[in-house]
Every structure is written in C-alpha cells, then in structure tokens.
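Close look at the chain arrangement
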Amino acid sequence: ETGVTQTPRHLVMGMTNKKSLKCEQHLGHNAMYWYKQSAKKPLELMFVYNFKEQTENNSVPSRFSPECPNSSHLFLHLHTLQPEDSALYLCASSQVPGPNEKLFFGSGTQLSVL
Amino acid sequence: AQSVAQPEDQVNVAEGNPLTVKCTYSVSGNPYLFWYVQYPNRGLQFLLKYITGDNLVKGSYGFEAEFNKSQTSFHLKKPSALVSDSALYFCAVLVGYSSASKIIFGSGTRLSIRP
C-alpha cells in the first residue's frame, strides 16, 4: 500500500459520457500529479498541482479537466473522450517538487473509451 | 528537448545471472535521475535516484545504477537476478526548477527473468 488510492480501478465509458477519476493521498504531501500510461509509450505527465495550485498543464486536451480541492484530493473529470484516450491513468503525490522528490503512485484507473 | 530513452522494450535474463536495463538521458545542466519499477496491476514504485556524489547508486531490492556523464547513461543493474524481479522498469529525469520542476519518464523496459 503506497498511501495513494485511486478509484475506480476500471472504467468503461462511451464517447458522450461524463465521468470522473478520483485520487486521494494519505501521506501529507503537497504535490499531486496525473500521468497517462499507454503501451510502449513514455509515461506522459498531464497535470501537476503544487499546494492546490496547478503548475503544469502539459498541452492536455480540454476534454480532460483536473480539479484539486485540497492537497489530499485530486480529480480528473472526463467528457467527450476519444477511443485513443483509452489508457491507464496514474495519480501520484510527492512532498514537494524538486530534486529530492520521490513520487508515490496509486494503482491507476484503467480507462476504456468505446 | 530534455528526455530519457530506454532503447530496449524487453530484456530477458536467466535467474542468477546479472542484469542490466539501459537508460540514456538528454538534459541541460546537472541531471537528477531516477529508476522506478511497476509490478502487474500496480502503480510505479521508487527504486533509486542519482542527485550528486558517487556514480554508483544503491537502491531497493538489491538494485544499483551507474551514472556515466560522458556517455549520458544511467543503467540499472543487479548482480544476480530473481524471478520476482520480473516487472516493467522506468527510467526518469527531473527537469525544470524548484516548484516548476517535474519528472519525465522513459517508455519502460519489460524485464523477464526465467527460472
């Protein structure tokens, strides 16, 4: 158990649906991240939140909308997704960004877009 | 562009033999380098990091990594492989500064240890 919990573990949605991914960390960390993992591709950093403020949006399409209401919770709201958005979405947290940061990952949400 | 590359999609090693998983990097300035491991149906777990100092870094589960500045490499090694080491391994580098820094990952190398 890493201290980072993601729900749901699996999600199947149609292209017109709206759904949300949830991440919660119990480590007292101040930075939270969304990564997208697709087969045989580098892990893609999507968003970074540092003390609840978004500090990175890596050119992510607007159909992905993050929300960080506090340092312990991170959401990824999904709407009108495309089949190519099917992937494993990983949440991570760290104490603060920087050279000594160590990322703690959740187990991910496996998303399938039909 | 700042990046890491893992040239091998898959590495196969017999149990008890030494293993190497390769990583090269391209960054401006001093590199901060990491290795993470992903077991099936799990998120990534931190293995080790290089910030400064000794070129040989020791990490979890008997793994170590050698930083080579002239070859811009940070290969992961273990003297004697175990079947339980079979997993997906990611090399990563820190880019940016202070609160704007972020970790970017390679594409991963699947390590398969046969009994």
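Along each chain, residue indices are assigned from 1 in the same order as the chain's sequence is written. Lettering for chains starts from A, numbering for ligands starts from 1, and both go in the order in which the items are written. Only residues with pLDDT of 70 or above have their local features reported here, since the model is predicted, and side-chain atom pairs are shown and tallied only from 80 upward, although totals for entire chains, interfaces and linings are computed over all residues. Working from all heavy atoms in the structure, the side-chain values ignore hydrogens and water.

Quick word on the overall build of chain A
The number of helices and strands found in chain A is 0 helices and 11 strands. Secondary structure elements in chain A, listed N-terminal to C-terminal, are β-β-β-β-β-β-β-β-β-β-β. Taking the principal axes of the C-alpha coordinates as reference, chain A spans close to 40 × 30 × 30 Å. Here chain A holds 114 residues, and the buried ones make up 49% of them. Of the contacts formed within chain A by residues at least 6 apart in sequence, a portion of 54% connects residues at least 24 apart. Secondary structure follows DSSP: runs of H or I at least 4 residues long count as helices, runs of E at least 2 residues long count as strands, and numbering of each begins at the N terminus. Type-normalised accessible area, obtained with a 1.4 Å probe on protein chains alone, sets the label of each residue: buried when under 20%, exposed when over 50%, and partly exposed for intermediate values. The contact criterion used throughout is that any non-hydrogen atoms of two residues lie within 4.5 Å.

Overview of unusual backbone geometry
The omega torsion of the bond from Thr7 of chain A to Pro8 of chain A falls at -10°, within 30 degrees of zero and hence cis. Its identity is not glycine, yet Ser59 of chain A carries a phi of approximately 55°, on the positive side. Following the sequence through the fold, Ser59 of chain A ends up in the loop between strand E6 (53-57) and strand E7 (64-70). Even without being a glycine, Thr72 of chain B presents a positive backbone phi close to 45°. Given the relative accessible area of 31%, Thr72 of chain B is considered partly exposed.

Some details on the pattern of salt bridges
For side chains bearing opposite charge, pairing can occur when the charged atoms are close. All names here are of chain A. For this analysis, a salt bridge means a side-chain nitrogen from Lys or Arg found within 4 Å of a carboxyl oxygen belonging to Asp or Glu. Throughout the structure, instances matching the rule amount to 5 salt bridges over all chains. Linking Arg63 and Asp85 is a salt bridge whose minimum nitrogen-to-oxygen distance equals 2.7 Å. Placement of Arg63 in the loop between E6 and E7 and of Asp85 in the loop between strand E8 (73-79) and strand E9 (87-94) is noted, with a sequence separation of 22 residues between them. Here Arg63 matches Asp85 in class, with each residue buried.

Examining the nonpolar core
Residues and elements named next belong to chain B. We define a nonpolar core as any set of buried Ala, Val, Leu, Ile, Met, Phe, Trp, Tyr and Cys residues linked to one another through side-chain atoms lying within 4.5 Å. Formed by 30 residues in total, the largest nonpolar core has its most connected members in Leu19, Trp35, Leu47, Leu48, Phe74, Leu76 and Tyr89. Top element by residues in this core is strand E10 (residues 87-95). It accounts for 5 residues. Not counting residues up to four positions away in its chain, the partners in contact with Leu76 are Leu19, Thr20, Val21, Trp35, Leu47, Leu48, Phe63, Glu64, Ala65 and Tyr89.

Considering the interface of chain B and chain A
Counting from both sides, the interface comprises 23 residues of chain B and, opposite them, 24 residues of chain A. Here's the idea: put two parts together, see how much 1.4 Å probe accessible area each one loses, and the total over both is what we call buried area. Interface of chain B and chain A: buried area, both sides summed, is about 1900 Å²; carbon and sulfur atoms make up 55% of it. It is Leu44, Lys102 and Phe105 of chain B in chain B that bury the most area against chain A; as a group they hold 24% of the surface buried on that side. Scanning the region where chain B abuts chain A turns up 1 salt bridge. Glu56 of chain A is the salt-bridge partner of Lys102 of chain B, the closest N and O atoms lying 2.8 Å from each other.

Notes on the state of the cysteines
The disulfide definition used here is simple: a pair of cysteine sulfur atoms within 2.5 Å. Under the defined criterion, the tally for this structure stands at 2 disulfides over all chains. Between the sulfur of Cys23 of chain A and that of Cys91 of chain A lies a disulfide, 1.9 Å long from S to S. A torsion of -75° about the S-S bond marks the disulfide between Cys23 of chain A and Cys91 of chain A as left-handed. Within this pair, whereas Cys23 of chain A is found in strand E3 (residues 18-25), its partner Cys91 of chain A is found in strand E9, the two being separated by 68 residues in sequence. Cys91 of chain A shares its class with Cys23 of chain A; the two are buried. The disulfide that involves Cys23 of chain B links it to Cys91 of chain B, with 1.9 Å between the sulfurs. In this structure the cystine formed by Cys23 of chain B and Cys91 of chain B twists about its S-S bond by roughly -65°; its chirality is therefore left-handed. Taken as a pair, Cys23 of chain B in the loop between strand E3 (19-21) and strand E4 (24-26) and Cys91 of chain B in strand E10 lie far apart in primary sequence, 68 residues in all.

Comments concerning the packing of aromatic side chains
Working definition: an aromatic ring pair is given by the centre-to-centre distance plus the angle between the planes. Any two rings among Phe, Tyr and Trp, with Trp reduced to its six-membered ring, count as a pair given centres within 6.5 Å; such a pair is stacked if its planes are under 30 degrees apart, edge-to-face if over 60, and tilted if neither. Applying the stated criterion across every chain, the model contains 13 aromatic pairs over all chains. Consider the rings of Phe105 of chain A and Tyr36 of chain B, whose centres lie 6.0 Å apart with planes at 80°: the pair is edge-to-face. Here Phe105 of chain A, found in strand E10 (residues 104-105), pairs with Tyr36 of chain B, found in strand E5 (residues 33-38), and the two come from separate chains. Judged by relative accessible area, which is 0%, Tyr36 of chain B ranks as buried. Site record: aromatic cluster; members linked through ring pairs are Tyr33, Tyr35 and Phe105 of chain A together with Tyr36, Phe46, Phe90 and Phe105 of chain B.

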